[in-house]
Structure formats: C-alpha cells, structure tokens
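Single-letter residue listing:
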Amino acid sequence: MKKNIEKSWREILQNEFCKPYFNELTKFINQEYSNHICYPNENEIFNAFNKCSFKEIKVVIIGQDPYHGENQANGLCFSVNDNMKHPPSLINIFKELKTDINKDIPESANLISWANQGVLLLNATLSVRKGEAGSHQKQGWEKFTDSIISLISDEKENVVFLLWGGFAKKKGKNIDKTKHHILTSGHPSPLSANRGYWFGNKHFSKTNSFLQSKNISIINW
C-alpha cells in the first residue's frame, strides 16, 4: 500500500510505516480491497499527500471518512471526482466561499486545485467499504493520521489548521498553538450549518490574511 505514496512523504514516514500497527493496517486494507468494493481507488488512498508535498503545506483541512458512494471519493477530504454531484457539505463550503470572498460556486466539486496550492485535505480514515460509512475506522488509520498532524505541528510553522466540527477539533489536540494558526467552527454538514454553526466563519479570508501576514503566498480558493 505504501508504494502508492509520493517519494518525499514515503521518506518522511519511513519510521511510521515500520510500526506494528501499520503492518496490521496494511493487511486489513489489502484484504478489504481484495474482497470488497472500497473507496477511493487503491492508488488514490494517499492522494492527499501525493497532491500536496510536505514542503508545500500551508493549510490543513481535517475531514472524517471518504465518501462511500460509487465514484465519489478521490482521496481528498470533502472533494469528489469531476462530473459528480456536489455533496451537501461541499455545497455549504462553496456557499461560505461565496459570501466570504465572493467566489462563484464552481461546476466541479474536485478540490485538487486547493491541494496543488498547499492545502492538505486530510481525512482521519483514508478508506471505506462501498455503502458502509465508517467501515474502516478503528483499524489503524486514526493513529496514522494523528501522527501526520503531530509531524506537521512539530516540523513546520505558520500552518493554518481548519478544524470543522467536534471530530476535527478533537483530532487537532496535538497541534502546537504557539507555532500555528488554528481556526475552528461547526461542521459544514446541513445539520450543523442550518443550526448556525458554519455560515459566517470567514475561514477562507481569515486563512489568507494570516498567510499574507507571514509573507506566505495566499490560496486561490
């Protein structure tokens, strides 16, 4: 499985890949992909890393699970493949972009352009069985992605972490607040957004304001 991750990340994570839990996770994933339809495609499990090198990280957005519908997941949190219907949470993300920075809602719901600019779109769990939300949780992915967050926190500075919803906030417990900029809000899902916990957070303009203040190039959302 680890052969599908970009070379620089593979070197950074070499020690993590040697740990017993990751060996067990690899066995589980190999069995799941052999015996069931799983998402994203096996060669896209590490897409978040492949599209955003460690060196280029400016922003981290933390999601939970990949989409479990057919042809949706592409390895980037909240993102779906081109020509797919916009998921409800992503619709609300685009609505907030519109009110925050007057960004027109795009036709494509593929967020690869964000990743290519240094936005790490990291799900806590990197795979899922078709039609079974959460089916690959508690198999080791959470430990792996916790280590990613800690690594970024320890080795980099002035990264903006966008923590949307209670799950992401808990996931960000090990971020060094003295080195990085953390923005929190409710989750963009309709349930949370319609209760007033999402809209108006202005995270996109706030992110760019912070990056600009540190002489870091901003994100073209």
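Keep in mind it's a predicted model, so treat the numbers as computed, not measured.

A. Local environment of the side chain of Ser192. As for its placement among the helices and strands, Ser192 is situated in helix 9 (residues 190-193). On the basis of relative accessibility, which here comes to 13%, the residue Ser192 falls in the buried class. Reaching out from Ser192, the side chain makes a polar contact with the backbone oxygen of His187 at a distance of 3.0 Å. Among all residues touching Ser192, those that are not within four sequence positions of it are Gly186, His187, Tyr197 and Trp198.

B. Up close: the sheet that holds strand 6 (residues 181-185). Pairing is parallel in the open sheet, where four strands are placed in the order 3-2-5-6. In the strand order of this sheet, the two ends are held by strand 3 (119-123) and strand 6, each with one partner. Along the sheet, successive strands turn relative to each other by an average axial angle of 20 degrees, direction set aside. Sheet contacts for helix 10 (residues 203-213): strand 2 (59-63), strand 5 (160-164) and strand 6; angle to strand 5, the most-contacted strand, approximately 165 degrees.

Criteria and cut-off values
Residues numbered from 1 in each chain as written. Predicted model: local features only at pLDDT ≥ 70, side-chain atom pairs only at ≥ 80, totals over all residues. Heavy atoms only, no water. Helix = DSSP H or I, 4+ residues; strand = E, 2+ residues; numbered from the N terminus. Buried < 20%, exposed > 50% of the residue type's maximum accessible area, 1.4 Å probe, protein only. Polar contact = N/O pair within 3.5 Å; in protein donor to acceptor, adjacent residues only side chain to side chain. Contact = heavy atoms within 4.5 Å. Pairing = 2+ DSSP bridges. Axes fitted to C-alpha atoms, helices over the stretch in contact; angles between N-to-C directions.

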